[in-house]
Amino acid sequence: MDGEPVPDELARLWRISSASRLGRPAKLDVDQVVDAAVALADSEGLAAATLPKVAETLGVTKMSLYRHVGSKDELIILMQDAATGPVPASLDGTGPWRERLRLWATEQAVRFERHPWLATAPVSGPPRGPHLVGWFDAGLRALRLTGLDWGAKVGAVMLVGEYVRSNAQLAQGLEAGRSGTDMDQAAAEQAYGRAMAALIEPERFPDVAALFASSTFEDTGEDTAAEDFRFGLDLILDGIAVAVAAADT
């Protein structure tokens, strides 16, 4: 590769081999370290994926990991890219930008369900790894035929992506709030609505009182979380559609 040398952390992220070392081949590689860390995060949460615990899982010393991972912060970046994974084939097709961006968001939501810790992992900057860059590329590609300029395209993709991430965080928070009960989310919302309806004074909180007097919090047997996700996503896509229409005129 010509030009400036690639920083070590980016070389590891993109799996660019360094000059061959003399002596015995390494017992580990970056993929083994990252796979072990992801497995720990999947089973025990992100806080469990520490360098000492990863080393213990792999049966090596913590110091031996530093040949492959520079720090805990770098490990998290490597884990995020690996867990997000490559862009699925479903996003390779063509079609209206709205449907393609909707599918992009839905496929991202699947990744957060598969690896819940991804939603709460710290974001330290724009996408840098090959998988996250691939997802970014797929989001921009969905908007390729619109008249939006690059800044607007980037803003739209970031907005949709952050919506998916925050929705996953909310779902996890609600699940944690039900910990120790045998209620699902619909039952928890019903109990909340009935309890608040008994407390809210219409004279003090007239519109909230009207909300709790309605059937909004009653359990209809439907997947309200999925419906809420679609509703919020549609609102965002409606806003992007206004920008697209203005750019195309």
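Data block above holds the structure.
As the structure is a prediction and not an experimental result, all values here were calculated from the model. (Residues numbered from 1 in each chain as written. Predicted model: local features only at pLDDT ≥ 70, side-chain atom pairs only at ≥ 80, totals over all residues. Heavy atoms only, no water.)

Another aspect to go through is the overall build of the protein chain. When its secondary structure is counted, the protein chain shows 11 helices and zero strands. Taken from N to C terminus, the helices and strands of the protein chain fall in the order α-α-α-α-α-α-α-α-α-α-α. Rg of the C-alpha trace for the protein chain: 23 Å, well past the compact-globule value of 18 Å for 249 residues, more than 25% over. Seen through its principal axes, the protein chain has C-alpha atoms that stretch 80 × 55 × 30 Å. Per-residue burial for the protein chain yields a buried fraction of 34% across its 249 residues. Counting only contacts in the protein chain whose residues sit at least 6 apart along the sequence, the fraction spanning at least 24 positions is 69%. Carbon and sulfur atoms form 58% of the exposed surface of the protein chain, whose accessible area is close to 14,900 Å². Averaging the positions of the 23 positive and the 36 negative side-chain charges in the protein chain gives two centres separated by 9 Å. (Helix = DSSP H or I, 4+ residues; strand = E, 2+ residues; numbered from the N terminus. Rg over C-alpha atoms; globule rule 2.2 N^0.38 Å. Buried < 20%, exposed > 50% of the residue type's maximum accessible area, 1.4 Å probe, protein only. Contact = heavy atoms within 4.5 Å. Areas by Shrake-Rupley, 256 points an atom, 1.4 Å probe, with all protein chains shown as cover. Lys, Arg positive; Asp, Glu negative; His and termini not counted. Charge placed at Lys NZ, Arg CZ, Asp CG, Glu CD.)

A surface patch of nonpolar side chains, amounting to about 300 Å² of accessible area, comprises Val-6, Trp-14, Ile-16 and Val-133. One can find Ile-16 in the loop between α1 (8–13) and α2 (30–44). (Patch = residues over 30% accessible without salt bridge, like charges linked within 9 Å, V, L, I, M, F, W, Y side chains within 5 Å. Salt bridge = Lys/Arg side-chain N within 4 Å of Asp/Glu carboxyl O.)

Look at helix α6 (residues 97–114) against helix α11 (residues 224–248): their axes get within 11 Å of each other, and the N-to-C directions meet at 145 degrees. α11 is crossed by α6, and the crossing has right-handed handedness. On α11, the residues that touch Trp-97, Arg-98, Leu-101, Arg-102, Ala-105, Thr-106 and Ala-109 of α6 are Phe-229, Leu-233, Asp-234, Leu-237, Asp-238, Ile-240, Ala-241 and Val-244. (Axes fitted to C-alpha atoms, helices over the stretch in contact; angles between N-to-C directions. Left-handed = near helix turned anticlockwise from the far one by under 90°.)

Examined against the element boundaries, Arg-12 turns out to sit in helix α1. Its relative accessible area of 18% is what places Arg-12 among the buried residues. With sequence-adjacent residues up to four places away left out, Arg-12 is seen in contact with Val-30, His-68, Val-69, Gly-70, Glu-74 and Leu-78.

Here the distance between the centres and the angle between the planes together describe a pair of aromatic rings. Under the counting rule described, the total for this entry stands at four aromatic pairs. Residues Phe-212 and Phe-217 carry aromatic rings whose centres are separated by 5.2 Å and whose planes lie at 25 degrees to one another, so their mutual orientation is stacked. Among the aromatic residues, those joined into a ring-pair cluster are Tyr-192, Phe-212 and Phe-217. Taking the ring centre of Trp-150 as reference, the NZ or CZ of Lys-153 above it sits at 4.7 Å. (Phe/Tyr/Trp six-rings, centres within 6.5 Å; stacked < 30°, edge-to-face > 60°. Lys NZ or Arg CZ within 6 Å of the ring centre and 35° of its normal.)

Another aspect to go through is the environment of Leu-174. Within the secondary structure, Leu-174 is located in helix α8 (residues 150–177). Between the alpha carbons of Leu-174 and Leu-159 there is a distance of 22 Å; along the sequence they are 15 residues apart.

Attention now moves to α11. Between its first and last C-alpha atoms α11 spans 35 Å; for 25 residues at 1.5 Å apiece the expected length is 36 Å, and the two agree. Those residues of α11 that sit buried are Phe-229, Gly-232, Leu-233, Ile-236, Leu-237, Ile-240 and Val-244. At its buried positions, α11 is contacted by α6 and α8. (Expected span 1.5 Å × (residues − 1).)

We now examine the pattern of salt bridges. This structure, assessed with the given rule, holds 11 salt bridges. Between Asp-137 and Arg-141 there is a salt bridge whose closest N-O contact spans 2.4 Å. Placement of both Asp-137 and Arg-141 in helix α7 (residues 130–142) is noted, with a separation of four residues, approximately one turn of the helix. Where Arg-230 meets Glu-227, a salt bridge forms, and the shortest distance between an N and an O atom there is 2.8 Å.

Note on helix geometry: an α-helix contains 3.6 residues per turn, so any two residues three or four positions apart are oriented the same way. The first and last C-alpha atoms of α2 sit 21 Å apart over 15 residues, in line with the 21 Å expected at 1.5 Å per residue. Among all positions in α2, only Val-30, Val-33, Val-34, Ala-36, Ala-37, Val-38, Leu-40 and Ala-41 are buried. Among the structural elements, α1, α3 (51–58), α4 (62–65) and α5 (72–84) are those in contact with the buried residues of α2. A distance of 3.2 Å separates the backbone nitrogen of Asp-31 from a side-chain oxygen at the start of α2, and that oxygen is part of Asp-29. Just downstream of α2 lies Gly-45, where phi reads positive at about 100 degrees. (Polar contact = N/O pair within 3.5 Å; in protein donor to acceptor, adjacent residues only side chain to side chain.)

Next up on the list: the nonpolar core. Core analysis: the largest hydrophobic core is formed by 52 residues, its most contacted members being Met-79, Leu-101, Trp-117 and Ile-240. Elements supplying a minimum of two residues to this core: α2, α3, α5, α6, α7, α8 and α11. Ranked by residues supplied to this core, first place goes to α2 with eight residues. In this structure, Met-79 is in contact with Val-34, Ala-37, Val-38, Ala-41, Leu-46, Ala-49 and Trp-117, ignoring residues within four places of it in sequence. (Core = buried A, V, L, I, M, F, W, Y, C linked by side-chain atoms within 4.5 Å.)

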